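Each chain, letter by letter, is given below.
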Amino acid sequence: MSETQQQDGMEAANGRFDHAMARLDASVKNLNGRIRQLNRMEVDTQRLVTERARLATELDKAAARAKRLDDSAHDVSRRLVEAMETVREVLAK
């Protein structure tokens, strides 16, 4: 093999190496971007989980309050019926 052929082969190998290094660099940059995106998604997910827990707690409190109000309304209604019956009995006498 002549020196020119060796030099051409070395240049071709060097070109392939440079191309491979450029592809590797691009892959690393792409991977870093995807890792940053994944980290942002994890932060957002944790924020959503926390918000969901807070909303679930508020919903439980609101449901308990609604139940108490419903129970109170039922009690008031019962008392009104008793009062009306008493008034009717007094008027009937």
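The coordinates are above.
The structure presented is a predicted model; accordingly, all values stated were derived computationally and were not measured.

(A) Quick peek at the environment of alanine 26. Along the chain, alanine 26 turns up in helix H1 (residues 3-92). On the basis of relative accessible area, alanine 26 is assigned to the partly exposed category, the value being 44%. Here the alpha-carbon distance between alanine 26 and arginine 79, two residues 53 residues apart in the chain, equals 78 Å.

(B) Fine view of the pattern of salt bridges. With the rule as written, the count across this model stands at eight salt bridges. A salt bridge links lysine 67 to aspartate 71; the shortest N-O distance between them is 3.1 Å. Within this pair, lysine 67 and its partner aspartate 71 are both found in helix H1, separated by four residues, close to a single helical turn. The exposure class of lysine 67 is exposed, given its relative accessible area of 52%. One salt bridge in this structure joins aspartate 75 and arginine 79, with 3.3 Å as the shortest N-O distance. Of the two residues, aspartate 75 and arginine 79 both sit in helix H1, four residues apart, roughly one turn of that helix. Under the relative-accessibility criterion, arginine 79 is labelled exposed at 52%.

Reading the values: the criteria
- Residues numbered from 1 in each chain as written.
- Predicted model: local features only at pLDDT ≥ 70, side-chain atom pairs only at ≥ 80, totals over all residues.
- Heavy atoms only, no water.
- Helix = DSSP H or I, 4+ residues; strand = E, 2+ residues; numbered from the N terminus.
- Buried < 20%, exposed > 50% of the residue type's maximum accessible area, 1.4 Å probe, protein only.
- Salt bridge = Lys/Arg side-chain N within 4 Å of Asp/Glu carboxyl O.

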